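A closer look at the structure
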Amino acid sequence: MGENSWVMTVLDLNDDGSLKSAFSKTISSFYDGAIYPVMKIRDMPANSFEDGKVAIEWSEITSPITGGTGAYAGARGSVTAALGDGKIDFQYDLNCE
């Protein structure tokens, strides 16, 4: 239905190289516009990334939506990402202006 891409900005590392804090700006692109969630990340273990992918175990995370374009202009709300069966399912709860 769409495509997700993201850029993570690392804010602080622990002495052992593990991630202390970061945030990720995500773009969820669809044929009729895009949605912009932001995810705050804290306390990830060292070696959490392999080949550019997050290599930690998690089951579900909910992030705020900070805007959008096209049909999603002015979007606000949240998106929940749930990991399971080798894929990530995204559930959007949003309002658009």
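Check the entry above for the structure.
In this text, all values refer to a predicted model and were calculated from it rather than measured experimentally.

1. Structural notes on the overall build of the protein
For the protein, the helix and strand inventory stands at zero helices and eight strands. Burial status across the protein gives 25% buried among its 97 residues. When the accessible surface of the protein is totalled, it reaches about 6600 Å², and 50% of it is carbon and sulfur.

2. Digging into the environment of Ile 65
Tracing the backbone through its elements, the reader meets Ile 65 in strand β6 (residues 60-68). Separated by 40 residues in the primary sequence, Ile 65 and Lys 25 place their C-alpha atoms 9.9 Å from one another. Not counting residues up to four positions away in its chain, the partners in contact with Ile 65 are Ile 35, Tyr 36, Pro 37, Ala 75, Arg 76, Gly 77, Ser 78, Val 79, Tyr 92, Asp 93 and Leu 94.

3. Examining a nonpolar patch on the surface
Together, Leu 83, Ile 88 and Phe 90 make up an exposed nonpolar region whose accessible area comes to about 240 Å². According to the relative accessible area criterion, Ile 88 is partly exposed, its value standing at 38%.

4. Some details on the packing of aromatic side chains
By the definition in use, this model includes two aromatic pairs. Ring geometry for Phe 30 and Tyr 72: centres 5.6 Å apart, planes at 55 degrees, overall tilted. Highlighted residues: Phe 30 in strand β2 (residues 19-30) and Tyr 72 in the loop between β6 and β7 (76-84), separated in sequence by 42 residues. Its relative accessible area of 17% is what places Tyr 72 among the buried residues. Relative to Tyr 92, the ring of Phe 30 lies with its centre 5.8 Å away and its plane at 80 degrees, an arrangement referred to as edge-to-face. With a gap of 62 residues between them, Phe 30 in strand β2 and Tyr 92 in strand β8 (residues 87-95) connect regions that are remote in the sequence. In textbook terms, an aromatic cluster arises when at least three aromatic residues are bridged by ring pairs, as seen for Phe 30, Tyr 72 and Tyr 92.

5. Regarding the nonpolar core
Taken as a class, soluble globular proteins show a tendency for nonpolar side chains to be buried jointly. Counting residues in hydrophobic clusters, the biggest one holds five residues: Ile 35, Ile 65, Tyr 72, Ala 75 and Val 79. Once residues within four sequence positions are removed from consideration, Ile 35 is found in contact with Thr 26, Ile 27, Ser 28, Phe 30, Ile 65, Gly 67, Gly 68, Tyr 72, Tyr 92 and Leu 94.

6. Points about the environment of Ala 22
With respect to the helices and strands, the residue Ala 22 is situated in strand β2. Residue classification places Ala 22 among the buried residues on the basis of a relative accessible area of 1%. Once the C-alpha coordinates of Ala 22 and Met 8 are considered, the two residues, 14 residues apart in sequence, prove to be 6.8 Å apart.

About the criteria used
- Going along each chain's sequence as written, the residues are numbered from 1 onward.
- Reporting in this predicted model follows two pLDDT cut-offs: at least 70 for local features of residues, and 80 or more for side-chain atom pairs to be given and counted; totals over whole chains, interfaces and linings ignore these cut-offs and use all residues.
- Excluded from the side-chain calculations are hydrogens and water; all other atoms, namely the structure's heavy atoms, are used.
- Numbering of helices and strands runs from the N terminus; a helix is a DSSP stretch of H or I covering at least four residues, while a strand is a stretch of E covering at least two.
- To sort residues, take the accessible area from a 1.4 Å probe on protein chains only and compare it with the maximum for the residue type: under 20% means buried, over 50% means exposed, and anything in between is partly exposed.
- Under the convention used here, a 1.4 Å probe and the Shrake-Rupley method define accessible areas, while residue burial counts only the protein chains that appear.
- Whether two residues touch is decided by their heavy atoms; if any such pair falls within 4.5 Å, the residues are in contact.
- To count toward a patch, a residue needs a relative accessible area over 30% and no salt bridge; like charges are then connected within 9 Å, while nonpolar side chains (Val, Leu, Ile, Met, Phe, Trp, Tyr) are connected within 5 Å.
- Whenever Lys or Arg places a side-chain nitrogen within 4 Å of a carboxyl oxygen from Asp or Glu, that contact is recorded as a salt bridge.
- To pair, rings of Phe, Tyr and Trp, with the six-membered ring standing in for Trp, must have centres within 6.5 Å; the planes then decide the type, stacked if under 30 degrees apart, edge-to-face if over 60, and tilted in the middle.
- What is meant by a nonpolar core is a set of buried Ala, Val, Leu, Ile, Met, Phe, Trp, Tyr and Cys residues, joined one to another through side-chain atoms within 4.5 Å.

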